[in-house]
Amino acid sequence: MRFSSDDVIKLRSLIKPRLSEKRYSHTLGVERAAVRLAKYCIPELADEAAVAALLHDVTKEIPYNRHVELLKSNGALLDASDYESPAILHTFTAPIIIRSDFSYYATENVLSAVYNHTVGSPDMSVFDEIIFLADFIEDTRTYEASINLQSFVWKNMKDQDISANRKVLHRACAEAIDAAIINLIRYKKHINIKNILTRNALLSKI
Ligand SMILES: [Fe+2]
Ligand SMILES: [Fe+2]
């Protein structure tokens, strides 16, 4: 499905009241990065990438109990390991809220990319990977791993070379997971098994 620029502008104003100022600014950064990545890797879906980016963290700021409630009432089948990392629960509750409160925007691509944007999936599509990577390399991120990956990606993406750009995308997603895992190890935090499976699947695509 194609969205118009009016659809995207309207969505920006719909999500703004649900997010803190900082999260909204991050979200607009993800939108910019996602549209730019889409133009290099899957140009026909650039507007849909804007929509997925705008919605990716739409439940990030709801309380933990609300996440659990939403997941239970929608019969979500999560592994015990998913509950070990409360920060990732928004990736599973956002599609539920998108279906109910933003149904006009609830395409399969959008729902899948939002569902997979935090821990990934071994079956991620190019569209999923774009949102996953845009979340990591958007330009309001200031930590070293993000800055390094921003320069790697924007230096290596080339006009008119979609298949080479997709390789850069796979590699950059794998690098983003490496950086996230190193961080989790450093802070003795739980590593979600899907993170590892996603990384291995990406490595086999490079
Ligand atoms: Fe997120
Ligand atoms: Fe995010």
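We now turn to the structure provided with this report. Keep in mind the model is a prediction, meaning the values are calculated, not measured.

1. Brief notes about the overall build of the protein
Line of reasoning, step 1. Helices and strands together make up the secondary structure of the protein, namely eleven helices and zero strands.
Line of reasoning, step 2. Beginning at the N terminus, the succession of helices and strands in the protein can be written as α-α-α-α-α-α-α-α-α-α-α.
Line of reasoning, step 3. For 206 residues, the compact-globule estimate of 2.2 N^0.38 gives 17 Å, and the protein sits close to it at 16 Å.
Line of reasoning, step 4. Taking the principal axes of the C-alpha coordinates as reference, the protein spans close to 45 × 45 × 30 Å.
Line of reasoning, step 5. Within the structure as shown, the protein displays about 10300 Å² of accessible surface, and the carbon and sulfur contribution to it stands at 53%.

2. A look at the coordination of the iron ion (ligand 2)
Line of reasoning, step 1. Protein coordination at the iron ion (ligand 2): the donors are His26 (NE2), His56 (NE2), Asp57 (OD) and Asp135 (OD), at 2.2 to 2.3 Å from the metal.
Line of reasoning, step 2. Classification of the site at the iron ion (ligand 2) as irregular follows from its four donor atoms and the range of 82 to 176° in their angles at the metal.
Line of reasoning, step 3. Along the chain, the residues donating to the iron ion (ligand 2) fall in the pattern H-x29-H-D-x77-D.
Line of reasoning, step 4. A separation of 3.5 Å is found between the iron ion (ligand 2) and the iron ion (ligand 1), both of which receive a donor from Asp57. Separated by 31 residues along the polypeptide, His26 in helix 2 (residues 21-41) and Asp57 in the loop between helix 3 (46-55) and helix 4 (64-73) bring together distant segments of the chain.

3. Considering the coordination of the iron ion (ligand 1)
Line of reasoning, step 1. Binding of the iron ion (ligand 1) to the protein goes through Asp57 (OD), His90 (NE2) and His117 (NE2), at separations of 2.1 Å.
Line of reasoning, step 2. Each donor residue of the iron ion (ligand 1) lies on the same chain, and together they follow the pattern D-x32-H-x26-H.
Line of reasoning, step 3. Residue Asp57 is classed as buried on the basis of its relative accessible area of 3%.

4. Thoughts on the pattern of salt bridges
Line of reasoning, step 1. Applying the stated criterion across every chain, the model contains eleven salt bridges.
Line of reasoning, step 2. Among the ionic pairs, Lys205 bridges to Glu129, the shortest N-O distance being 3.1 Å. One end of the pair, Lys205, is in the segment after helix 11 (193-203); the other, Glu129, is in helix 8 (residues 126-137), and 76 residues separate them in sequence.
Line of reasoning, step 3. You can call Lys205 partly exposed: its relative accessible area is 27%.
Line of reasoning, step 4. A salt bridge links Asp135 to Arg141; the shortest N-O distance between them is 3.3 Å.
Line of reasoning, step 5. With relative accessibility at 23%, the residue Arg141 sits in the partly exposed group.
Line of reasoning, step 6. Here the salt bridges do not stand alone but share partners, grouping Arg23, Asp57 and Glu61 into one network.

5. Regarding a nonpolar patch on the surface
Line of reasoning, step 1. Taken together, the side chains of Ile193, Ile196 and Leu197 make up a nonpolar region of the molecular surface, amounting to roughly 240 Å² of accessible area.
Line of reasoning, step 2. Residue classification places Leu197 among the partly exposed positions, given a relative accessible area of 43%.

6. Looking at the packing of helix 6 (residues 89-101) against helix 7 (residues 108-115)
How two helices pack is summed up by the angle between their axes together with the distance between the axes.
Line of reasoning, step 1. Contact pair helix 6 / helix 7: the axes reach a minimum separation of 7 Å and the direction vectors enclose 155°. One finds that helix 6 runs roughly antiparallel with respect to helix 7. Together, Thr91, Phe92, Ala94, Pro95, Ile98 and Arg99 of helix 6 and Leu111, Val114 and Tyr115 of helix 7 make up the contact between the two elements.
Line of reasoning, step 2. Residue classes in the contact of helix 6 with helix 7 are distributed as seven nonpolar, one polar and one charged.

7. Regarding the packing of helix 3 against helix 7
Line of reasoning, step 1. At a closest axis distance of 9 Å, the pairing of helix 3 and helix 7 adopts a crossing angle of 40°. In terms of axis orientation, helix 3 runs oblique to helix 7. Between helix 3 and helix 7 the crossing geometry is right-handed. Counted together, Glu48, Val51, Ala52 and Leu55 of helix 3 and Asn109, Val110, Ala113 and Val114 of helix 7 form the full contact between these two elements.

Cut-off values and rules
Residues numbered from 1 in each chain as written. Chains lettered and ligands numbered in written order. Predicted model: local features only at pLDDT ≥ 70, side-chain atom pairs only at ≥ 80, totals over all residues. Heavy atoms only, no water. Helix = DSSP H or I, 4+ residues; strand = E, 2+ residues; numbered from the N terminus. Rg over C-alpha atoms; globule rule 2.2 N^0.38 Å. Areas by Shrake-Rupley, 256 points an atom, 1.4 Å probe, with all protein chains shown as cover. Donors = N, O, S within 2.8 Å, 3.2 Å for Na, K, Ca; no water. Tetrahedral: all angles 85-135°; square planar, octahedral: opposite > 155°, others 65-115°. Buried < 20%, exposed > 50% of the residue type's maximum accessible area, 1.4 Å probe, protein only. Salt bridge = Lys/Arg side-chain N within 4 Å of Asp/Glu carboxyl O. Patch = residues over 30% accessible without salt bridge, like charges linked within 9 Å, V, L, I, M, F, W, Y side chains within 5 Å. Axes fitted to C-alpha atoms, helices over the stretch in contact; angles between N-to-C directions. Parallel < 35°, antiparallel > 145°, perpendicular 65-115°, else oblique. Contact = heavy atoms within 4.5 Å. Nonpolar A, V, L, I, M, F, W, Y, C, P; charged D, E, K, R; others polar. Left-handed = near helix turned anticlockwise from the far one by under 90°.

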